[in-house]
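Given next are the chains, with one letter for each unit.
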Amino acid sequence: MLISELAARTNVPVPTIKFYLREGILMPGRTVSATRAHYDEWHARRIALIRALSARGLSIAQTKSIVGLIDDPQGSLFATLGAATAALTPPGDAAGDDDCPRARAALAAVDCVVPDDLPAVAQLERALADAEAAGLPMTEDRLRAYAPHVRAIAAYDIEQIPVEPAPAAFEAAIEYAVLGTLLYEPILAALRRVAHAEQAGRRLADR
């Protein structure tokens, strides 16, 4: 398909597609003349990924990192997935105390062992510090109540990652991990609020 047809297929304006091409987050189409190129379903799928990432607030730099890992995986699937999901965290959001004492204590309380440089550890540190500053610190009892359910969710998510056939599965696996993280976390938060309303109705309706 021509770029105009790709624009119609993806509902993305031609100038935006040209911007993606200039930024290197969308590979060029197959050249058929000095001024024309043909695009295919791969380009439509990549544009859908880019749009999903930008809709969740990711910067062009973050998107470049993610699509770069899809197009040129670094090492094992495990390492590449880790790098791709780490790219979802803006540097400022992951900043914090290098030792992350609150996060380390919380993880130890639920027997969770993760790499020292995992960005989510610094995110956890900041969230725990915010809760503490607001006078509602995360207790060990609450952590232990949450942990089995969070692990069960994570286990299901990881089980669904496509891993065959390798290495062709890399692209699908990274897209799944990145989009699953971005799109499912708000759903989990909303489900928690719905469950709170349900439980509150059962316990507090007559009070």
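Residues numbered from 1 in each chain as written. Predicted model: local features only at pLDDT ≥ 70, side-chain atom pairs only at ≥ 80, totals over all residues. Heavy atoms only, no water.

An unreviewed UniProt entry lists the protein under the name Transcriptional regulator, with Mycobacterium conspicuum given as the organism.

This next bit is on the domain arrangement of the protein. Once the domains are mapped, the protein shows domain 1 (1-57) and domain 2 (64-206). Each partner contributes residues to the interface: domain 1 has nine residues there, and domain 2 has 12 residues. Across the interface of domain 1 and domain 2, roughly 1,000 Å² is buried in total on both sides, 65% from carbon and sulfur atoms. Our count for the contact surface shared by domain 1 and domain 2 stands at three salt bridges. Where Glu23 meets Lys64, a salt bridge forms, and the shortest distance between an N and an O atom there is 3.2 Å. Here domain 1 and domain 2 share four residue pairs in polar contact (both at pLDDT 80 or more) between them. The element best represented in the side of domain 1 that touches domain 2 is helix 3 (residues 41-55), accounting for six residues. Of the residues in the side of domain 1 that touches domain 2, the class split is five nonpolar, no polar and four charged. (Domains from an automatic or database assignment. Contact = heavy atoms within 4.5 Å. Buried area = accessible area lost by both parts, 1.4 Å probe. Salt bridge = Lys/Arg side-chain N within 4 Å of Asp/Glu carboxyl O. Polar contact = N/O pair within 3.5 Å; in protein donor to acceptor, adjacent residues only side chain to side chain. Helix = DSSP H or I, 4+ residues; strand = E, 2+ residues; numbered from the N terminus. Nonpolar A, V, L, I, M, F, W, Y, C, P; charged D, E, K, R; others polar.)

This next bit is on the packing of helix 1 (residues 3-10) against helix 2 (residues 14-23). Helix 2 packs onto helix 1 with a crossing angle of 105° between their chain directions and a minimal axis gap of 9 Å. Classified by the angle between their axes, helix 1 and helix 2 sit roughly perpendicular to one another. The residues of helix 2 that touch helix 1, namely those facing Ile3, Ser4, Leu6, Ala7 and Thr10, are Val14, Ile17, Lys18 and Leu21. Here the contact of helix 1 with helix 2 is built from residues that sort into six nonpolar, two polar and one charged. (Axes fitted to C-alpha atoms, helices over the stretch in contact; angles between N-to-C directions. Parallel < 35°, antiparallel > 145°, perpendicular 65-115°, else oblique.)

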